[in-house]
Amino acid sequence: MEFLCGKKKFSIPRILIIGEHQMKIAYIKPSFLNEKRVGLLPQHLSYCSPEDERRFEEGYGKNLDIPDAVYGESAGYSRESLFAWADVIYCIKVPQPQDYQYFRENQTLVGWIHPFGASGKHFREYCAEPKNIRLFDITNRISIRVTQGKTETLNIPRDITHKNSILAGYASMMQAMMLRGGITQNDKVAVFGSGNVAFGVLKYLASQGIEPLLRRRSNIDLMQQEFKDYDIFINTVEIAEGDAPIVTLKMLDSMKSTGWIIDAAADTGRAIQGTRATKIENPIYQDEHGHTFYVVDNSPSLLYRESSEAISVGYAKHFWFKPMNYWYSDFCIAP
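What counts and how
Along each chain, the written sequence defines residue order, and numbers are assigned to residues from 1. Local features are withheld for residues below a pLDDT of 70 in this predicted model, meaning they are given only at 70 or higher, and side-chain atom pairs are given and counted only at 80 or more; totals for whole chains, interfaces and linings count all residues. Computation of side-chain values covers all heavy atoms of the structure but excludes hydrogens and water. Only DSSP runs of H or I reaching four residues or more are called helices, and only runs of E reaching two or more are called strands; each is numbered from the N terminus. When we talk radius of gyration, it's over C-alpha atoms, and the globule rule is simply 2.2 Å times the number of residues to the 0.38. The classification of residues rests on relative accessible area computed with a 1.4 Å probe and restricted to protein chains. Under 20% of the type maximum is buried, over 50% is exposed, and intermediate values are partly exposed. Contacts between residues were defined by any pair of non-hydrogen atoms, one from each residue, lying within 4.5 Å. All accessibility values rest on the Shrake-Rupley procedure with a 1.4 Å probe; residue burial counts only the protein chains present in the view. We count Lys and Arg on the positive side and Asp and Glu on the negative side, and we leave His and both chain ends out. Taken as the charge centre is NZ of Lys, CZ of Arg, CG of Asp or CD of Glu, depending on the residue. Here, any two strands with at least 2 DSSP bridges between them count as paired. The crossover handedness rule: strands pointing away from the viewer, path from first strand over the helix to second strand clockwise, crossover right-handed. In this scheme Phe, Tyr and Trp rings, the latter by its six-membered ring, pair at centre separations within 6.5 Å, and the angle between planes marks the pair as stacked below 30 degrees, edge-to-face above 60, and tilted otherwise. By definition, being over a ring means that NZ of Lys or CZ of Arg is both within 6 Å of the ring centre and within 35 degrees of the ring normal. For this document, the term salt bridge refers to a Lys or Arg side-chain nitrogen within 4 Å of an Asp or Glu carboxyl oxygen. One less than the number of residues in a helix, times 1.5 Å, gives the span that helix is expected to have. The axes used here are C-alpha line fits, helices contributing only the stretch in contact, and every angle between their N-to-C directions lies in the interval 0 to 180 degrees.

**Q** Hey, could you run me through the overall build of the protein chain in this one?
**A** Across its full length, the protein chain carries eight helices and 15 strands. For the protein chain, whose C-alpha radius of gyration is 21 Å, the value lies close to the compact-globule estimate of 20 Å for 335 residues. Considered along the principal axes of its C-alpha atoms, the protein chain spans approximately 65 × 40 × 35 Å. The buried share of the protein chain, reckoned over its 335 residues, is 53%. Sequence-distant contacts in the protein chain: of pairs separated by 6 or more residues, those separated by 24 or more amount to 67%. Total accessible area on the protein chain is roughly 15200 Å²; 50% of this is exposed by carbon and sulfur atoms. Distance from the positive charge centre (38 side chains) to the negative charge centre (39 side chains) of the protein chain: 3 Å.

Structure follows, in structure tokens:
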């Protein structure tokens, strides 16, 4: 059997392939609150490897008005039966505690898991590790495989779902500013970061005629000096575990009481020290000083039709196009 890894083609002896049987992949709906995105659309099934069998939960595409029949005979299965049947579970967001009971020993989970971040740490510690679940965290940045505590970087390019990251910035600003009652030319606004999420934030601000201050690590000292004067501060980056926060509690103490802090990257408790996650239905909270925080960790679901398209085609073309046996092998590991 041959696989293409980068520009090199490898012939893999059958004895190296884990599980020579056809792999069984279950596509389940996320139980994450107010998550409406659909992880794989029917029009992208043609990109997926024919070597694996795929089944879809009943009502998988309902949020986009896609009937089960469009997925063919592979759709319409109950959630419980899929967990019992599948070798691999795909869920666009990290499963919630009510699903932990359904996972079997030695299964595999694919999705936006963020196993070492705020959203996925609980799943990793209380479900994945006790049940020896192999994790494939396929993200817009560095995609990884986590097996028995060992973390390996996958040979998957960055930006496979870059439009979803742009939507994260745009949607976060859209919802936060609606709740704020808008934004004016008199507001002093600063954006930290320069990636896809930042681009989405800037798209929204441009639509409102706002020219923000652009801040990044190269001028973080300036940002720290100015912070007390900001009306709105928007973070668009994630930091590594153990890194110093971008905004400290001391900086927050110096900010005017009417200030708004929007973490469009939803790097809860890390990029902006002390923050907690919020949800779409209850997206903001205030601290004892009156500062308002927005830290919604699935804001692209506000624009779930556009986001579903970006996620589905990105995963189909860059992950599902290979059989799962390839991703279990060592040939998918980045050099």
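**Q** I would appreciate a short explanation of the pairing of strand S6 (residues 108-112) in the present structure.
**A** In regular strands, side chains alternate between the two faces of the sheet. The element S6 is extensively covered by neighbouring structure, given that five of its five residues are classed as buried. Bridge count between strand S5 (residues 88-93) and S6: four bridges; the pairing is parallel. Following the sheet pairing, Tyr90 is matched in S6 by Val110. Looking at chain direction, S6 and strand S7 (residues 134-137) are connected through four bridges and run parallel. Looking across to S7, one finds that Leu109 is bridged to Leu135. For the segment spanning S6, helix H2 (residues 121-128) and S7, crossover handedness is right-handed.

**Q** How do you make sense of the packing of aromatic side chains when you look at a structure like this?
**A** In this description, a pair of aromatic rings is defined by centroid distance and the angle of the planes. According to the stated counting rule, one finds 23 aromatic pairs in the structure shown. Where Phe227 meets Tyr230, the ring centres are 5.5 Å apart and the plane angle is 65 degrees; that geometry is what we call edge-to-face. Here the two residues Phe227 and Tyr230 agree in accessibility, since each one is buried. Ring pairing ties together the aromatic residues Tyr27, Phe56, Tyr60, Tyr71, Tyr90, Phe136, Tyr315, Phe319, Trp320, Tyr326, Trp327 and Tyr328, which thus form one cluster. Its end group placed over the ring of Tyr328, Arg134 keeps NZ or CZ at 4.2 Å from the ring centre.

**Q** I'm lost on the pattern of salt bridges in this one. Help?
**A** Any two side chains of opposite charge can pair, given that their charged atoms come close. The final tally for this structure, using the stated rule, is 16 salt bridges. We note a salt bridge from Glu57 to Arg79, for which the minimum N-O separation is 2.8 Å. Remark: Arg79 occurs in helix H1 (residues 79-85) and Glu57 occurs in the loop between strand S4 (53-56) and H1; sequence separation between them is 22 residues. Taking the relative accessible area as the measure of exposure, Glu57 reaches 8% and is therefore buried.

**Q** Would you mind going over helix H7 (residues 304-318) with me for this structure?
**A** Think of an α-helix as turning once every 3.6 residues; residues three or four places apart then point the same way. In this model H7 runs 21 Å from its N-terminal to its C-terminal C-alpha over 15 residues, within 8% of the 21 Å that 1.5 Å per residue would give. For H7, the set of buried residues is Ser307, Ser308, Ala310, Ile311, Ser312, Gly314, Tyr315 and Ala316. Against S5, S6 and helix H3 (162-180) lie the buried residues of H7.

**Q** Would you take a moment to explain unusual backbone geometry for this structure?
**A** Trans peptide bonds make up the majority, and among non-glycine residues the majority have a negative phi. Phi is positive for Gln148, which is not a glycine, with a value near 50 degrees. Examined against the element boundaries, Gln148 turns out to sit in the loop between strand S8 (144-147) and strand S9 (150-153). The phi dihedral of Ala266 is positive, around 50 degrees, even though this residue is not glycine. Here Ala266 lies in the loop between strand S13 (260-263) and strand S14 (284-286). Assessed through its relative accessible area of 18%, Ala266 is described here as buried.

**Q** Honestly, the sheet that holds S5 in this entry has me stumped. Any pointers?
**A** Remark on secondary structure: sheet strands pair via backbone hydrogen bonds, oriented parallel or antiparallel. In spatial order, the strands read S4-S3-S5-S6-S7-S8-S9; together these seven strands make up an open sheet with mixed pairing. Pairing within the sheet leaves two strands with one partner each, and these edge strands are S4 and S9. Geometrically, the sheet is characterised by an average inter-axis angle of 20 degrees between neighbouring strands, direction not taken into account. Inspection of the sheet shows S7 paired to S8 by three bridges, in the antiparallel sense. Across the sheet, the residue bridging to Phe136 is Arg145, located in S8. Where H7 meets the sheet, it contacts S5 and S6, and its direction lies at approximately 135 degrees from that of S6.

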